[in-house]
Amino acid sequence: MTIKSEILSNGFTIATEFMPGFKTATLGVWIRAGGRHETQEQNGIAHFLEHMLFLGTKKYPDVDEYSTYLKTFGGYSNAYTAPDHTNYQFQVLPDGFEGALDRFAQFFISPLFTEEYTAREVNAVNSEHQKNIMSDYWRQRNVANQFLKEEHPLKKFSTGSLETLGDITRDELLEFYNQHYSANRMGLAILSTHS
């Protein structure tokens with residue numbers, strides 16, 4: 001096993017590992033943008049953007065295209081937003097890797113951010129927030145935040161809720177995306193049977 005690592009001229013970092021005996025192809029992208037990069041008026045926008053990115057691209061406008069393709073090839077995807085980064089990942093059988101990679105790459109090339117799904121995804125983010133209220137992990141995190149200075153970037157409420165995202169605009173979402181989702185702030189890791 002040899003990990004190949006490269007930084008492209010635009011600052012995009014790539015790490016790949018060729019694993020001939022691997023049963024699936026796995027890919028993850030990290031963006032150095034998370035909750036601490038939000039303004040006080042936009043609490044939760046990084047998490048909301050994570051949700052909206054999955055909902056169609058210019059090349060693949062159908063909102064279900066990506067998940068349907070992955071399921072066809074025994075795969076799945078997930079994502080999360082942390083204070084200092086956002087992660088997107090998928091796993092798929094090797095025969096479906098190139099098609100999955102093309103669909104996935106479009107999130108970072110030409111996402112639609114269709115307004116008709118905004119309310120639905122704000123509600124999905126709010127549902128996660130409601131679920132987290134009873135979680136011991138989130139309670140511990142909220143208690144720890146009480147000891148941070150008021151201006152500390154981790155003190156912000158970054159999960160998002162109806163209250164913080166209810167009047168978010170597409171322009172605000174695009175502004176955050178354009179500001180933080182650039183090649184020099186991104187890294188890619190691939191484990192695959194593909195050379």
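Quick look at the structure, then. Quantities reported herein were computed from a predicted structural model and do not represent experimental measurements. (Residues numbered from 1 in each chain as written. Predicted model: local features only at pLDDT ≥ 70, side-chain atom pairs only at ≥ 80, totals over all residues. Heavy atoms only, no water.)

## Examining the environment of Thr81
Structurally, Thr81 is set in strand β4 (residues 76–81). You can call Thr81 partly exposed: its relative accessible area is 21%. Excluding anything up to four places from it in sequence, Thr81 contacts Gly34, Gly35, Ala46, His47, Glu50 and Thr86. Engagement of the side chain of Thr81 in a polar contact is seen with the side chain of Glu50, the distance being 2.5 Å. (Helix = DSSP H or I, 4+ residues; strand = E, 2+ residues; numbered from the N terminus. Buried < 20%, exposed > 50% of the residue type's maximum accessible area, 1.4 Å probe, protein only. Contact = heavy atoms within 4.5 Å. Polar contact = N/O pair within 3.5 Å; in protein donor to acceptor, adjacent residues only side chain to side chain.)

## Here's the deal with the nonpolar core
Grouped together as the largest cluster of nonpolar side chains are 41 residues, with contacts concentrated most on Leu53, Tyr88, Phe90, Phe104 and Phe108. In terms of residue count, the dominant contributor to this core is helix α1 (residues 45–52) (5 residues). (Core = buried A, V, L, I, M, F, W, Y, C linked by side-chain atoms within 4.5 Å.)

## Topic: the pattern of salt bridges
Across all of its chains, the model carries 3 salt bridges by this definition. A salt bridge links Lys59 to Asp102, with the nearest nitrogen and oxygen atoms 2.8 Å apart. Separated by 43 residues along the polypeptide, Lys59 in the loop between α1 and α2 (65–72) and Asp102 in helix α3 (residues 97–105) bring together distant segments of the chain. Given a relative accessible area of 48%, Lys59 falls into the partly exposed group. On the basis of relative accessible area, Asp102 is assigned to the partly exposed category, the value being 24%. Where Glu121 meets Arg120, a salt bridge forms, and the shortest distance between an N and an O atom there is 2.9 Å. With relative accessibility at 42%, the residue Arg120 sits in the partly exposed group. (Salt bridge = Lys/Arg side-chain N within 4 Å of Asp/Glu carboxyl O.)

## A word on α3
Residues that lie three or four places apart on an α-helix share one face, since the helix turns once every 3.6 residues. Among the residues making up α3, those that are buried are Phe97, Gly99, Ala100, Arg103 and Phe104. Each buried residue of α3 lies within a common arc of 165° when the element is viewed along its axis, so the set occupies one face. Those residues of α3 hidden inside the fold are in contact with β3 (25–31), α2, β5 (86–92) and β6 (186–192). (Arc of directions from axis to C-beta.)

## Here's the deal with the packing of α1 against helix α7 (residues 170–180)
Closest axis-to-axis distance for the α1/α7 pair is 10 Å, and the angle between their directions is 95°. Of the possible angle classes, the one that applies to α1 and α7 is roughly perpendicular. Taken together, the residues of α7 that come into contact with α1 (itself represented by Ile45, Ala46, Phe48, Leu49 and Met52) are Glu172, Leu173, Phe176 and Tyr177. In terms of residue class, the contact of α1 with α7 is made up of 8 nonpolar, no polar and 1 charged. (Axes fitted to C-alpha atoms, helices over the stretch in contact; angles between N-to-C directions. Parallel < 35°, antiparallel > 145°, perpendicular 65-115°, else oblique. Nonpolar A, V, L, I, M, F, W, Y, C, P; charged D, E, K, R; others polar.)

## A look at the packing of α2 against α3
Where α2 contacts α3, the two axes come as close as 10 Å, and the packing angle between them is 165°. With respect to α3, the axis of α2 lies roughly antiparallel. You can see that α2 and α3 cross each other, and the crossing is left-handed. On α3, the residues that touch Glu65, Tyr66, Tyr69 and Leu70 of α2 are Gly99, Ala100, Arg103 and Phe104. (Left-handed = near helix turned anticlockwise from the far one by under 90°.)

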